[in-house]
Amino acid sequence: MEARLNLFANPVAGKFMRYINSAGKAVSDSTLPAATQELVKIRASQINGCGFCTDMHTKDAAHAGETAQRLHLVAAWREAKVFTDAERAALELTEQGTRIADAAGGVTDEAWADAAKHYDEDQLAALVSLIALINAYNRLNVVVQQPAGDYEPGMFG
């Protein structure tokens, strides 16, 4: 299977990718916990059916020390006892922020208030930015049918 368009070789797509990768650095450099960042990327990617990003972020998380148990339970986080209240709040905000078309009114006040109990303003800004960013990456990869499975941690950085 080959992607419909090589996002890395096309000059326009490559320029776009450099810009959004640069925006992603603001998030990765933030005080939002790295483990939470990976959980958010994984959950949004699962929802969006982005195999490439799901592959990448589960491998990156495992490489960074995330447990297999937690990685296997991301999709069922509501029923799993292995996530903190803060991670649960981030995952709920991720789901609601990713499923905008499915939710009447978008993200609920309750989901926002719960996240705000666990994260300061800068972390909330990073979380919102990350949700938007991973959804953009997911859409790029799903549209071009970027194949999954070959990613190795550190491959792009």
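Every chain's residues receive numbers from 1 upward, in the order its sequence appears when written. In view of the model being predicted, local features appear only for residues whose pLDDT reaches at least 70, and side-chain atom pairs are presented and counted only at 80 or more, with totals across whole chains, interfaces and linings using the full set of residues. The side-chain quantities take in all heavy atoms of the structure and omit both hydrogens and water.

In the nomenclature of an unreviewed UniProt entry, the protein chain is known as Alkylhydroperoxidase of Streptomyces diastatochromogenes.

1. Structural notes on the overall build of the protein chain
We count a stretch as a helix when DSSP gives it H or I for four or more residues in a row; a strand needs E for two or more, and each element gets its number in order from the N terminus. Tallying secondary structure elements over the protein chain gives seven helices and zero strands in all. Reading the secondary structure of the protein chain in the N-to-C direction produces α-α-α-α-α-α-α. For this measure, only C-alpha atoms enter the radius of gyration; the expected value for a globule follows 2.2 Å times N^0.38, where N is the number of residues. Scaling as 2.2 N^0.38, a compact globule of 157 residues should have a C-alpha radius of gyration of about 15 Å, and the protein chain matches this with 15 Å. Each residue is assigned to one of three classes by its accessible area relative to the maximum for its type, calculated with a 1.4 Å probe on protein chains only: buried under 20%, partly exposed between the two thresholds, exposed over 50%. Across the 157 residues of the protein chain, 43% fall into the buried class. The contact criterion used throughout is that any non-hydrogen atoms of two residues lie within 4.5 Å. The contacts in the protein chain between residues at least 6 apart in sequence include a share of 71% that link residues at least 24 apart. Exposure was quantified through the Shrake-Rupley algorithm and a 1.4 Å probe, taking into account, for residues, occlusion by the shown protein chains and nothing else. Surface summary for the protein chain: the accessible area is close to 8700 Å², and the carbon and sulfur share equals 56%. Neither His nor the chain ends contribute to the count of charged residues, in which Lys and Arg are positive and Asp and Glu negative. Every charge is mapped to an atom, namely NZ of Lys, CZ of Arg, CG of Asp or CD of Glu. A gap of 4 Å separates the mean positions of the 14 positive and 20 negative side-chain charges of the protein chain.

2. With respect to the packing of aromatic side chains
Centre-to-centre distance and the angle between the planes together describe a pair of aromatic rings. For Phe, Tyr and Trp, where Trp contributes only its six-membered ring, two rings pair if their centres lie within 6.5 Å, and the inter-plane angle classes them as stacked under 30 degrees, edge-to-face over 60, or tilted in between. Within the structure shown, the criterion is met by three aromatic pairs. The interplanar angle of 50° and the centroid separation of 6.3 Å between the aromatic rings of F52 and F156 together place this pair among those described as tilted. Separated by 104 residues along the polypeptide, F52 in helix α3 (residues 51-63) and F156 in the segment after α7 (121-144) bring together distant segments of the chain. Residue class for F52 comes out buried when judged on its relative accessible area of 10%.

3. Quick look at the UniProt feature "domain: Carboxymuconolactone decarboxylase-like" (unreviewed entry) in the protein chain
Within this numbering scheme, the UniProt entry marks residues 16-95 as carrying the feature "domain: Carboxymuconolactone decarboxylase-like" (unreviewed entry). Secondary structure across residues 16-95 comprises 72% helix and 0% strand; the distance between its end C-alpha atoms is 25 Å. UniProt positions are given in the numbering used here, feature names are shortened, and annotations may be inferred rather than shown by experiment.

4. What to know about the nonpolar core
L32, V40, L93, Y119 and L127 are the most contacted members of the largest nonpolar core, which has 15 residues in total. Secondary structure elements with two or more residues in this core: α5 (85-98), α6 (109-118) and α7. The dominant element in this core, judged by the number of residues it contributes, is α7, at five residues. Non-local contacts of L127, meaning those with residues more than four positions away in its chain, are made with L32, V40, A90, L93 and Y119. Residue types Ala, Val, Leu, Ile, Met, Phe, Trp, Tyr and Cys, when buried and joined through side-chain atoms within 4.5 Å, form a set referred to as a nonpolar core. Among the nonpolar cores identified, the runner-up in size contains eleven residues, and A44, M56, L133 and Y151 belong to it.

5. With respect to the packing of helix α2 (residues 34-48) against α5
With their axes 9 Å apart at the nearest point, α2 and α5 run at an angle of 35° to one another. Between α2 and α5 the crossing geometry is right-handed. From α2, T36, L39, V40, R43, A44, I47 and N48 reach across to α5, where they touch E87, A90, L91, T94, E95 and T98. Each residue gets one label: Ala, Val, Leu, Ile, Met, Phe, Trp, Tyr, Cys and Pro are nonpolar, Asp, Glu, Lys and Arg are charged, and the others, such as Gly, are polar. Tallied by class, the residues present in the contact of α2 with α5 amount to six nonpolar, four polar and three charged. Every axis corresponds to a line fitted to the C-alpha atoms, with the helix fit spanning only the stretch in contact, and the corresponding angles, defined between N-to-C directions, vary from 0 to 180 degrees. Two helices that cross are described as forming a left-handed crossing if the nearer one is turned anticlockwise from the farther one by less than a right angle, and a right-handed crossing if clockwise.

6. Details of the pattern of salt bridges
Definition used for salt bridges: Asp or Glu carboxyl oxygen within 4 Å of a side-chain nitrogen of Lys or Arg. A full pass over the atoms with the stated rule returns ten salt bridges. K25 serves as the salt-bridge partner of D29, at 2.8 Å between the closest nitrogen and oxygen. What makes D29 exposed here is its relative accessible area of 52%. For K25, a relative accessible area of 48% puts it in the partly exposed group. Here R78 ties to E95 by a salt bridge, and the two come within 2.9 Å at their closest N and O atoms. Pair noted here: R78 is in the loop between α4 (68-73) and α5 and E95 is in helix α5, with a separation of 17 residues, a long-range link. In this structure E95 comes out as buried when scored by relative accessible area, which is 4%. One network of salt bridges, in which partners are shared, links R43, R78, E92, E95 and R99.

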